[in-house]
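What follows is the residue order along each chain.
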Amino acid sequence: MFEKAFEGKPPVVAVSQDVRPSTKAADTRQRIDMLTKSLDDYEQQYYRALRMNMADTAEKSYDASRAALDEIKKLKEEGNPYAREVFDARKQQDDALNTIEDALTQVNSAEYLGGENKQGTRTTKDLLLASAERARAQYIAATLQEAATHRRAAGKEALTQDEALKAASEMNDVLTEWSSRVQAAPRREALTEVVTPAQMR
């Protein structure tokens, strides 16, 4: 029935044709999640150690994060389109969050033309806020892309328009709340988790 209803129509979120259903999809996803978490943990440890002037710990955490990156690169180069697409989507998500953080940090610090700390800046408050909004949309799009890729690899039905719209709305709400408190804690530690809506799994 699903295939009949969407026959001849493009999917709501396009997925690379290289990604095909596989019985190994669950194992691959587990490995992706493990490597991603390890990298995130080591990077957090590194920045925390820098703030606390713990040079040895920072060096060890940095080396561990490079090792995790090497494992990610190896998995991407093994010819696994599923892993490659997921890692690419997660990088887009991370880049978008960094852009949001950078923009909001400048806004809160009044580092813009007309602000208290305008020295050395060429941007305006409106441009910074617009940049954060674009990054929010990019984050949501990349997260939907990852969800659609997981579904394809697992042999599940593609995201419907209603599912995609609901998921995007929920993520937008979470990002709005996070953005309002992002400067209340050290960078990225303020973000405990941007939850992926259940219907996207």
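Computed from a prediction, not measured in an experiment: that's the story for all the values here.

### Description of the pattern of salt bridges
Working step 1: Taken as a whole, this structure holds ten salt bridges when the rule is applied.
Working step 2: As a salt-bridge pair, Arg 151 and Glu 163 come within 3.1 Å of each other at their nearest N and O atoms. Within this pair, whereas Arg 151 is found in helix α5 (residues 125–154), its partner Glu 163 is found in helix α6 (residues 161–181), the two being separated by twelve residues in sequence.
Working step 3: We classify Arg 151 as buried; its relative accessible area is 9%.
Working step 4: Put simply, Arg 31, Glu 71 and Glu 78 are held in one network by salt bridges that share partners.

### Comments concerning unusual backbone geometry
Working step 1: Even without being a glycine, Asn 53 presents a positive backbone phi close to 55°.
Working step 2: Checked against the element boundaries, Asn 53 lands in the loop between α2 (25–51) and α3 (55–77).
Working step 3: Positive phi is not limited to glycine here, since Ala 110 has a value of about 60°.
Working step 4: Structurally, the position occupied by Ala 110 is in the loop between α4 (81–108) and α5.

### Structural notes on the nonpolar core
Working step 1: Membership of the largest hydrophobic core comes to 32 residues, with the highest contact counts inside it found for Phe 87, Tyr 139, Ile 140 and Leu 144.
Working step 2: Elements represented by at least two residues in this core include exactly α2, α3, α4, α5 and α6.
Working step 3: Residue contributions to this core peak at eight residues, all from α4.
Working step 4: In this structure, Ala 103, Val 107, Ala 110 and Ala 132 belong to the second largest nonpolar core, which totals six residues.

### A short note on α3
Along an α-helix, residues three or four positions apart point the same way, because every turn accommodates 3.6 residues.
Working step 1: Between its terminal C-alpha atoms α3 stretches 33 Å, which fits the 33 Å expected from 23 residues at 1.5 Å a residue.
Working step 2: Those residues of α3 that fall on the buried side of the exposure criterion are Ala 58, Ser 61, Ser 65, Ala 68, Ile 72 and Leu 75.
Working step 3: Residues of α3 that are buried in the fold lie against α2 and α4.
Working step 4: Positive backbone phi, at 85°, marks Gly 79, one or two positions downstream of α3.

### Considering α5
Working step 1: With 30 residues, α5 ought to run about 44 Å at 1.5 Å a step, and its terminal C-alpha atoms sit 44 Å apart, in line with that.
Working step 2: Backbone geometry just downstream of α5 places Gly 155 in the positive-phi region, at approximately 75°.

### Topic: the packing of α2 against α4
Working step 1: Put simply, α2 and α4 touch, their axes get as near as 10 Å, and they point 35° apart. Once α2 is placed against α4, the crossing between them reads as right-handed. Where α2 abuts α4, its residues Ala 25, Thr 28, Arg 29, Ile 32, Asp 33, Leu 35 and Thr 36 lie against Tyr 82, Ala 83, Val 86, Phe 87 and Arg 90.
Working step 2: The residue makeup of the contact of α2 with α4, split by class, is seven nonpolar, two polar and three charged.

### Some points on the packing of aromatic side chains
Working step 1: Applying the stated criterion across every chain yields a total of two aromatic pairs.
Working step 2: Relative to Tyr 47, the ring of Tyr 46 has its centre 5.2 Å away and its plane inclined at 65°; by these criteria the two rings are edge-to-face.
Working step 3: Take Tyr 47: its relative accessible area is 48%, and that puts it in the partly exposed class.
Working step 4: Here the aromatic rings of Tyr 46 and Tyr 62 are separated by 5.7 Å at their centres, their planes lie at 50°, and the arrangement is tilted. Highlighted residues: Tyr 46 in helix α2 and Tyr 62 in helix α3, separated in sequence by 16 residues.
Working step 5: Residue Tyr 62 is classed as partly exposed on the basis of its relative accessible area, which comes to 38%.
Working step 6: Through successive ring pairs, a cluster of aromatic residues spans Tyr 46, Tyr 47 and Tyr 62.

Conventions used here
Residues numbered from 1 in each chain as written. Predicted model: local features only at pLDDT ≥ 70, side-chain atom pairs only at ≥ 80, totals over all residues. Heavy atoms only, no water. Salt bridge = Lys/Arg side-chain N within 4 Å of Asp/Glu carboxyl O. Helix = DSSP H or I, 4+ residues; strand = E, 2+ residues; numbered from the N terminus. Buried < 20%, exposed > 50% of the residue type's maximum accessible area, 1.4 Å probe, protein only. Core = buried A, V, L, I, M, F, W, Y, C linked by side-chain atoms within 4.5 Å. Expected span 1.5 Å × (residues − 1). Contact = heavy atoms within 4.5 Å. Axes fitted to C-alpha atoms, helices over the stretch in contact; angles between N-to-C directions. Left-handed = near helix turned anticlockwise from the far one by under 90°. Nonpolar A, V, L, I, M, F, W, Y, C, P; charged D, E, K, R; others polar. Phe/Tyr/Trp six-rings, centres within 6.5 Å; stacked < 30°, edge-to-face > 60°.

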